[in-house]
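If you want the building blocks of each chain, they are given just below.
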Amino acid sequence: MRKNVDFLVIGSGIAGLCFALKAANYGKVCIITKSKVDEGSTRYAQGGIASVIYRPDTYEKHIEDTMIAGDELSDRKIVELTIREATDRVMELVDWGVDFDRNQDGSFALAKEGGHSEKRILHYKDITGHEIEQKLVLAAKRNENIEIIENRLAIDIITQHHLGIEVNRRTPDITCYGAYVYNPDTKQVNTILAKVTMMATGGLGNVYEHTTNPVVATGDGVAMVYRAKGAVRGMEFIQFHPTSLYNPKESPSFLITEAMRGSGAILRDPEGVDFMPKYDPRGSLAPRDIVARAIDSEMKKQGIDHVFLDVSPISKKEIFDHFPNIYAKCLSIGIDITKEMIPVVPVEHYSCGGVLTDEWGETTIRNLFASGECASTGLHGGNRLASNSLLEALVFSHRACLKAVELLPHTAYCNEVPDWDAEGTVLNEEMVLITQSRKELQTIMSSYVGIVRSNLRLQRAFDRLEILYRETEDLYKKSVLIPEICELRNMINVGYLIIKNAMERKESRGLHYSLDYPPKK
Ligand code: FAD
Ligand code: SIN
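Residues numbered from 1 in each chain as written. Chains lettered and ligands numbered in written order. Predicted model: local features only at pLDDT ≥ 70, side-chain atom pairs only at ≥ 80, totals over all residues. Heavy atoms only, no water.

A.B. asks: Looking at this structure, how should I read the overall build of the protein chain?
C.D. replies: The helix and strand tally for the protein chain stands at 13 helices and 17 strands. Since a compact globule built from 521 residues should have a radius of gyration of about 24 Å, the 22 Å found for the protein chain is in line with a globular shape. Along the three orthogonal principal directions, the C-alpha set of the protein chain runs to about 65 × 55 × 45 Å. For the protein chain, buried positions account for 60% of its 521 residues. Expressed as a percentage of contacts within the protein chain between residues at least 6 apart in sequence, the contacts between residues at least 24 apart total 74%. (Helix = DSSP H or I, 4+ residues; strand = E, 2+ residues; numbered from the N terminus. Rg over C-alpha atoms; globule rule 2.2 N^0.38 Å. Buried < 20%, exposed > 50% of the residue type's maximum accessible area, 1.4 Å probe, protein only. Contact = heavy atoms within 4.5 Å.)

Dropping the structure here:
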């Protein structure tokens, strides 16, 4: 099957849907998404969206908080434009029907999270992402110019490479013509040609053993762009969320929002000691990298599997009003959080790096944009400030649309693109080869490329991954395509990029902490 569309959007989280809703004013949009339309990290977002709404908050304070969290590696120009434009973008969400909690006088009820100097987090109870995703999906489904195709896996973006022209990382005019997309119903690879393609594939958490990310988060967008010789950066900056619910049998890990600490909850060790002030004067509300490392250090020193979050400083009323989902979840596994502390442990949560984009969301490949977690705009630097992710997707999907609309009249479909070549492949009956390699990858990444790293650990990870890479490429060439092999290949590609970027960074900075480079005091 071949199909031509003005805009091809890969991914249906906040980044893909916002772009689609705007682009639909200018042409036909096709969204492809690898699972159900609402499955992705967006739907699980709890804390909310950071945005300057009322005094005494100011743009300058939010900008400084973002720069500090990013360990001064954020691009100040990008930070400033994102934060100054965020308020308007958030109000567009309200226009699309998204509800945020309000005070009795109708004003927005703002929460606080780690690293924020003011209350500025707009939220809908502790299920903000669910509220946003549902309303955006509804708006997209109502739009006649948007077609949503579920259960389709983008395998690769199409470039000159597929026309038989050699492309390398120095080729100046690599151009994206659309994507090859796998349809599991027909077991065929379809060709979707587009004038503009938006990569909005979200995170990569499943590269690690434990993550808050849903199963669809396998780094596909970053891997596809890297394979197409596009630029990717900052992959060493993997954010571990300090407080996922310790429930070893559950995957993905259930998040306990940082907003609970913003409302007064305190981290304690099994003896009840508030250990965070020993690490940072901001205590339990220090930025995430500091808190996750402190917990990791306490767990190793004390030989414990988790620490506790003491939510007793939060009133019962606030727990029921603001955190009903967390209350219900904990109760379902026998923990009544109005009476007991919550066992918590850090797990992979967010990729700060990704596909390099400019201030318009343009990648280094022509006619290809990226937005959301798969992109690296320069906002997060070495560490993302809490609740700055949904906000980044809103701002850059908007900006990308402005630019894409300028490009549209000057781009044409590339009809010479050949169909996918499945010649020479044989049926792969050895599923264990894929599942075992996936587990090995996750073990390597968690053991050697986690919260604390060293040169030796990274080298070991690199060497182990090289073997997995060779085996998987070999398997991929011989196998009939199935999503599992494509995802494994992508995960190995992004694992390699995380290790490579971590090896290149000869310092401890932001989320990248190496025993060989003690941080400067
Ligand atoms: P996603 O919402 O993950 O969507 C990605 C889409 O791409 C999905 O539809 C997926 O199916 C699709 N896809 C992926 N690969 C392919 C492929 N090969 N082919 C086709 N489709 C593909 N951030 C905040 O700012 N505030 C919060 O409170 C917050 N809480 C969070 C809580 C949790 C539990 C998690 C996991 C994250 C949280 N984050 C939060 C981070 C934030 O939710 C994500 O970074 C953001 O939602 C990413 O949006 P996105 O559109 O880029 O990706
Ligand atoms: C949370 O609610 O703690 C997650 C917020 C985020 O990842 O930005």
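Now that the structure has been shown, the text picks up again.
A.B. asks: Please explain empty space enclosed by the protein as it appears in this structure.
C.D. replies: Empty space among the atoms becomes apparent when a probe as large as a water molecule is rolled across them. Following the criterion strictly, the structure yields 1 cavity of 30 Å³ or more and no others. Surrounding the largest cavity, Ile238, Phe240, Asp289, Ala292, Arg293, Ile451 and Leu511 form its lining. Per element, the largest residue contribution to the lining of the largest cavity is 3 residues, and it comes from helix H7 (residues 288-302). By residue class, the composition of the lining of the largest cavity is 5 nonpolar, no polar and 2 charged. (1 Å grid on protein atoms, 1.4 Å probe; cavity = no way out; pocket = protein on both sides within 12 Å on 5 of 7 lines; lining within 4 Å. Points joined across faces, edges and corners; volume = space filled by probe spheres on them. Nonpolar A, V, L, I, M, F, W, Y, C, P; charged D, E, K, R; others polar.)

A.B. asks: Looking at this structure, how should I read the pattern of salt bridges?
C.D. replies: When the charged atoms of two side chains with opposite charge come close together, those side chains can pair. Summed over the entire model, instances satisfying the criterion amount to 39 salt bridges. The partner of Arg399 in a salt bridge is Glu85, with the nearest N and O atoms 2.7 Å apart. Separated by 314 residues along the polypeptide, Arg399 in helix H10 (residues 389-407) and Glu85 in helix H3 (residues 76-95) bring together distant segments of the chain. Salt-bridge contacts for Arg288 lead to Glu113; the nearest nitrogen and oxygen are separated by 3.9 Å. Residue Arg288 is found in helix H7, and its partner Glu113 is found in the loop between strand E4 (110-111) and strand E5 (121-122); the two are separated by 175 residues along the sequence. Across the pair, exposure class does not vary: Arg288 and Glu113 are buried alike. Via salt bridges that share partners, Lys34, Asp220, Arg438 and Glu487 belong to a single interconnected network. (Salt bridge = Lys/Arg side-chain N within 4 Å of Asp/Glu carboxyl O.)

A.B. asks: Would you take a moment to explain the packing of helix H1 (residues 14-23) against H10 for this structure?
C.D. replies: Helix packing for two helices is described by the angle between their axes and how far apart those axes are. Relative to each other, H1 and H10 sit at 35°, their axes nearing to 8 Å. Here H1 and H10 pass one another in a crossing that is right-handed. Residues Ile14, Ala15, Cys18, Phe19, Lys22 and Ala23 of H1 form the contact with H10, whose own contacting residues are Leu390, Ala393, Leu394, Ser397, His398, Ala400, Cys401 and Ala404. When grouped by side-chain class, the residues that make up the contact of H1 with H10 number 11 nonpolar, 2 polar and 1 charged. (Axes fitted to C-alpha atoms, helices over the stretch in contact; angles between N-to-C directions. Left-handed = near helix turned anticlockwise from the far one by under 90°.)

A.B. asks: It is not clear to me how helix H5 (residues 220-227) should be interpreted in this structure. Could you clarify?
C.D. replies: In terms of residue burial, H5 counts as a mostly covered element, since 8 of its 8 residues are buried. Along H5, the residues that are buried comprise Asp220, Gly221, Val222, Ala223, Met224, Val225, Tyr226 and Arg227. In the segment just after H5, Lys229 is the residue with positive phi, at about 75°.

A.B. asks: It is not clear to me how the nonpolar core should be interpreted in this structure. Could you clarify?
C.D. replies: Looking at soluble globular proteins, one finds that nonpolar side chains tend to be buried together. If you look at the biggest cluster of nonpolar residues, it comprises 70 residues, and the most contacted ones within it are Leu8, Ile32, Met199 and Ile498. Considering each element in turn, this core owes the most residues, 10 residues, to helix H13 (residues 483-504). Filtering out sequence-adjacent residues up to four positions away, Met199 remains in contact with Ile10, Ile157, Gly221, Met224, Val225, Leu368, Phe369, Ala370, Ser371 and Cys374. Ile31, Ile78, Met198 and Ala404 belong to the second largest nonpolar core, which has 52 residues in total. (Core = buried A, V, L, I, M, F, W, Y, C linked by side-chain atoms within 4.5 Å.)

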